[in-house]
Amino acid sequence: QMLPQLGAGLETCQKSLESYLEGKRNKFPRFYFTSDPVLLKILSQGSDPETIQEDFEKLFDAINRVQFDKADRKKITKIKGVVGTAEENVDLVQPVMAQGNIEDWLL
């Protein structure tokens, strides 16, 4: 008796979640390269950019990690790329502030 109602509620939740994720992907197209669970993790932890370090390589081809300013942990100062055994570090001329919605500061 309750099972059909629960199923309908679950379907509504799933459609809402898919619509939400599609909106985020439209705003930042590189999110199309991630699975729904990875994107949910990135979006839910995006306010703490250090927690998504391992996910940068899923979004960008040549970026494995970023380095944050020692004094301001929201300021990205360096991009790190690793290919095989070679590591390349690129100092940013203008640091990126990792605050607000992640799809905004990743642009």
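Heads up: these notes are all about the structure in this document.

Cut-offs and rules
- Residues numbered from 1 in each chain as written.
- Predicted model: local features only at pLDDT ≥ 70, side-chain atom pairs only at ≥ 80, totals over all residues.
- Heavy atoms only, no water.
- Salt bridge = Lys/Arg side-chain N within 4 Å of Asp/Glu carboxyl O.
- Buried < 20%, exposed > 50% of the residue type's maximum accessible area, 1.4 Å probe, protein only.
- Helix = DSSP H or I, 4+ residues; strand = E, 2+ residues; numbered from the N terminus.
- Expected span 1.5 Å × (residues − 1).
- Pairing = 2+ DSSP bridges.
- Axes fitted to C-alpha atoms, helices over the stretch in contact; angles between N-to-C directions.
- Arc of directions from axis to C-beta.
- Contact = heavy atoms within 4.5 Å.

1. Digging into the pattern of salt bridges
Phase 1: For the structure shown, the criterion picks out 9 salt bridges.
Phase 2: Between Asp55 and Lys58 there is a salt bridge, with its nearest N and O atoms 3.0 Å apart.
Phase 3: Under the relative-accessibility criterion, Asp55 is labelled buried at 1%.
Phase 4: Here the salt bridges share partners, and the residues they tie into one network are Lys41, Glu54, Asp55 and Lys58.

2. Considerations on the environment of Gly23
Phase 1: Residue position: Gly23 is located in helix H1 (residues 3-27).
Phase 2: Each C-alpha atom, one on Gly23 and one on Pro49, is 21 Å from the other, the two residues being 26 residues apart in sequence.

3. Description of H1
Phase 1: If you check H1, its first and last C-alpha atoms are 36 Å apart, about what 25 residues at 1.5 Å a residue would give, namely 36 Å.
Phase 2: For H1, the complete set of buried residues consists of Leu21, Lys24 and Arg25.

4. What to know about the sheet that holds strand E2 (residues 75-83)
Sheet strands pair via backbone hydrogen bonds, and the direction of the pair is either parallel or antiparallel.
Phase 1: Ordered by their spatial adjacency, 3 strands build an open sheet running E1-E2-E3, and the pairing between neighbours is antiparallel. The strands lining the two open edges of the sheet, one partner per strand, are strand E1 (65-68) and strand E3 (86-97). Between one strand axis and the next, the sheet turns by 25° as a mean value, whatever way the strands run.

5. Things to note about helix H2 (residues 36-45)
Phase 1: Of all the residues in H2, the buried ones are Val38, Leu39, Ile42 and Leu43. Down the axis of H2, the buried set is contained in an arc of 130°. They therefore lie on one face. Seen from the buried face of H2, the exposed residues on the opposite side, beyond 90 degrees, are Pro37 and Ser44.
Phase 2: Packed against the buried residues of H2 are H1, helix H3 (56-59) and helix H4 (102-105).

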